[in-house]
Amino acid sequence: MIKTWELDPNFKNEILNELGGENLTACYQCSTCTLGCPITELVPSYNPRKIIQMSLLGMRTEVLSNPDLWICAICQTCTARCPQNVVVGDVLAVIRLLAEKAEEAGEIKIESPRPLFETAFLHTVEKYGRLYDIGLAMEYYPKREGSFIKGQKAMMDDYMAFGMRMFFKGKMGPLGGHGLLKGVLPSKIKQRDVMKKIFKWVEEKEKER
Amino acid sequence: MSVEKLAYLPGCPSEATALEQHMSTEAVFEKLGVELVELEEWNCCGAAEAEDQNLVYALNARNLAIAEKDNLDIMTPCSICYYNLARTNNALKANEELRAEIKGIDPSLEYNGTITPKHVIDVLVNDIGLEEIKSKLVKKVELKVAPYYGCYLGRPPETAFDDPDDPVLMDQLIELIGGENVPFSAMKTKCCGGPLMMTRGDLAFEMARKILETAKNAGADCIALACPLCGMMLDAKQPDVEKALNVKFEMPIVYITQLLGLALGIDSSKLGLQKNVVDTKKILGKVV
């Protein structure tokens, strides 16, 4: 049931004002986005059409706290098929950013570990200029599991066998002949100060929202 | 042939998990007589994890600016790098204010929109051309291949260079080198699940399973692909998918540049075929 007195009619404008959210209001609810979605195939509750309609109606809290936001694979099938040129994939990305902001403000709680994952990924880029897989995992797993020890265990469960494969195939470590610690240590660019400046600028832009 | 020299952005996986894609790309372009100048000090494009478009634009402006200084179009073998470069290029070309703002972060991000980002497959088929490649082939790769395109080659429309539903460029390359494309239209552009690997492994594995299973049922000797994240998901994680879902595929996964390299007569070790996780030896026997 929709409680009209709880709706936030300004919510759609929050999305419309963001890069990628511009065409939101063109949606006429045909559901092409959802019918072609590979995630909906696996998780029937996952419904980008519904998320868009709820956003247009102003169901701010329900949209931002919807756990399904975090299982989008960003494959852009919805975007490619939308007959109204709604950039559905980008709209969902904008909504995820707004959800993270709402969590920071204490309005909602995000259960999915995906924001932690994305943050850990981007931390390595900010620090080194390039993705550092091991650094990403070392930050992500302990945060996700809530303790260093549990994090190490979860990481081993997911990546021990994978790591050995990378080692024996010479993609990480000495066997590839590309250096003793290839792929084990981070690959760093020299202009790391520029990375710092980029992330600082993005942070400032976020504050303007 | 219209292209002689390109700026080359290998992308982060080229240094570890997709080393063989990097090796085979360099070897193939050397053989085709196209000089690749690796982008000095290139940075990560932000991949699918940079959800803030401002961040995508700033990170990719830097890579575009480095290539622009040398006045070279920029090529990458990574589908996500391509998508991020191409959408940044579009946005910055169209928006002078954004260009100025990004230049204001640091002078090294000054990009004037004078070059074009390209994906390896686009360069091979549309710039170098099938005729030119054909004239350099020395071997036949008599394999049944499942051509897997993944996400960012045919979509979103803003940056796509192939059909969104039934892309053909990789099919054309496979036919050219003597291979046979197995019926694979249903899976060609389905997402591999890669971006969900560390947060919803269960979904990612299921998505990978569908692709591997379809290729196997279609009688493919291998899957050919063009994206290092797809490579990680379908090749490097294939034993994990098999274990988690109690299935067996043993499906070799190769980068399209590795297959093309074989047809160009390049030594398999130079193409990194010993580095693919699922053994590729049995497919080498069909290169004649």
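Note that the structure is a prediction, hence the values are computed from the model and not measured.

To continue, consider the overall build of chain A. Assigned secondary structure in chain A consists of eleven helices and zero strands. In chain A, the succession of helices and strands from N to C terminus is α-α-α-α-α-α-α-α-α-α-α. In terms of overall dimensions, chain A has a C-alpha envelope of 60 × 40 × 35 Å along the principal axes. Burial status across chain A gives 47% buried among its 209 residues. Sequence separation of at least 24 residues holds for 55% of the intrachain contacts in chain A that already meet a minimum separation of 6. About 10,400 Å² of surface is accessible on chain A, with carbon and sulfur atoms providing 57% of the total. Looking at chain A, you have 29 positive and 26 negative side-chain charges, and the mean spots of the two groups are 7 Å apart.

Next up on the list: the interface of chain A and chain B. In this complex, chain A contributes 65 residues to the contact, which on the side of chain B involves 59 residues. Summing both sides of the interface, chain A and chain B together bury roughly 5,600 Å²; the carbon and sulfur share of this comes to 61%. If you sort the residues of chain A by the area they bury against chain B, A:Lys169, A:Lys171 and A:Trp201 come out on top, with a joint share of 13%. For the pair chain A and chain B, the number of links is nine salt bridges. Counting across the chain A and chain B interface gives 31 residue pairs in polar contact (both at pLDDT 80 or more). Put simply, the parts of the chain that give the side of chain A that touches chain B at least two residues each are helix H3 (38-42), helix H6 (77-81), helix H7 (88-104), helix H8 (114-128), helix H9 (133-145), helix H10 (148-168) and helix H11 (192-208) of chain A. Broken down by element, the side of chain A that touches chain B gets its largest block of residues, nine residues, from H11(A). For the side of chain A that touches chain B, the class distribution of residues is 36 nonpolar, eleven polar and 18 charged.

Another aspect to go through is the sheet that holds strand E6 (residues 180-181) of chain B. Think of a sheet as strands paired side by side through backbone hydrogen bonds, with each pair either parallel or antiparallel. Taking strand neighbours across the sheet as the criterion, the four strands line up as E6-E5-E7-E8 (chain B) in an open arrangement whose pairing is parallel. Only two strands of the sheet have a single partner each, and these edge strands are E6 and strand E8 (253-255) of chain B.

Under the definition given, this model contains eight aromatic pairs over all chains. Every member of this aromatic cluster is reached through a ring pair, and the members are A:Phe117, A:Phe121, A:Tyr140 and A:Tyr141. The ring of B:Trp42 is capped by A:Arg130, whose NZ or CZ atom sits 3.5 Å from the centre of that ring. Its guanidinium or amino end placed over the ring of A:Tyr159, B:Lys237 lies 4.1 Å from that ring's centre, counting from NZ or CZ.

Evaluation of the coordinates by the stated rule reveals 33 salt bridges over all chains. Taking the shortest distance from any N to any O, the salt bridge between B:Lys210 and A:Glu41 comes out at 2.4 Å. With B:Lys210 in helix H7 (residues 201-217) and A:Glu41 in helix H3, this pair bridges two chains. Residue A:Arg114 pairs with A:Glu118 through a salt bridge whose shortest N-O separation is 3.1 Å. Taken as a pair, A:Arg114 and A:Glu118 lie in helix H8 at a separation of four residues, close to a single helical turn.

All names here are of chain B. In terms of burial, helix H10 (residues 256-263) is largely enclosed, as eight of its eight residues are buried. Of the positions making up H10, those classed as buried are Ile256, Thr257, Gln258, Leu259, Leu260, Gly261, Leu262 and Ala263. Directly beyond the C-terminal end of H10, a positive phi value near 85° is found at glycine 265.

Turning our attention to H8(A). Between its first and last C-alpha, H8(A) extends 21 Å over 15 residues, near the 21 Å set by a 1.5 Å rise per residue. Looking at H8(A), one finds that the buried residues are A:Arg114, A:Pro115, A:Phe117, A:Glu118, A:Ala120, A:Phe121, A:Leu122, A:Thr124, A:Val125 and A:Tyr128. Residues of H8(A) that are buried sit in contact with H7, H9 and H11 of chain A together with helix H2 (53-69) of chain B. Just downstream of H8(A) lies A:Gly129, where phi reads positive at about 90°.

Right, let's get into the pairing of strand E7 (residues 222-225) of chain B. Residues and elements named next belong to chain B. With burial as the criterion, each face of E7 is covered, one bearing Cys222 and Ala224 and the other bearing Ile223 and Leu225. Judged from the three bridges that link them, strand E5 (residues 144-147) and E7 form a sheet pairing that is parallel. Residue pairing for E7: proline 147 is matched across the bridge by alanine 224. Two elements, E7 and E8, share three bridges in a ladder whose sense is parallel. Considered in E8, the bridge of isoleucine 223 is made with isoleucine 253.

Below, the discussion takes up a positive patch on the surface. Taken together, the side chains of A:Lys127, A:Lys188, A:Arg192 and A:Lys196 make up a positively charged region of the molecular surface. Here A:Arg192 lies in helix H11.

Cut-offs used in this document
Residues numbered from 1 in each chain as written. Chains lettered and ligands numbered in written order. Predicted model: local features only at pLDDT ≥ 70, side-chain atom pairs only at ≥ 80, totals over all residues. Heavy atoms only, no water. Helix = DSSP H or I, 4+ residues; strand = E, 2+ residues; numbered from the N terminus. Buried < 20%, exposed > 50% of the residue type's maximum accessible area, 1.4 Å probe, protein only. Contact = heavy atoms within 4.5 Å. Areas by Shrake-Rupley, 256 points an atom, 1.4 Å probe, with all protein chains shown as cover. Lys, Arg positive; Asp, Glu negative; His and termini not counted. Charge placed at Lys NZ, Arg CZ, Asp CG, Glu CD. Buried area = accessible area lost by both parts, 1.4 Å probe. Salt bridge = Lys/Arg side-chain N within 4 Å of Asp/Glu carboxyl O. Polar contact = N/O pair within 3.5 Å; in protein donor to acceptor, adjacent residues only side chain to side chain. Nonpolar A, V, L, I, M, F, W, Y, C, P; charged D, E, K, R; others polar. Pairing = 2+ DSSP bridges. Phe/Tyr/Trp six-rings, centres within 6.5 Å; stacked < 30°, edge-to-face > 60°. Lys NZ or Arg CZ within 6 Å of the ring centre and 35° of its normal. Expected span 1.5 Å × (residues − 1). Patch = residues over 30% accessible without salt bridge, like charges linked within 9 Å, V, L, I, M, F, W, Y side chains within 5 Å.

None of the figures reported here should be taken as evidence of function without further support.
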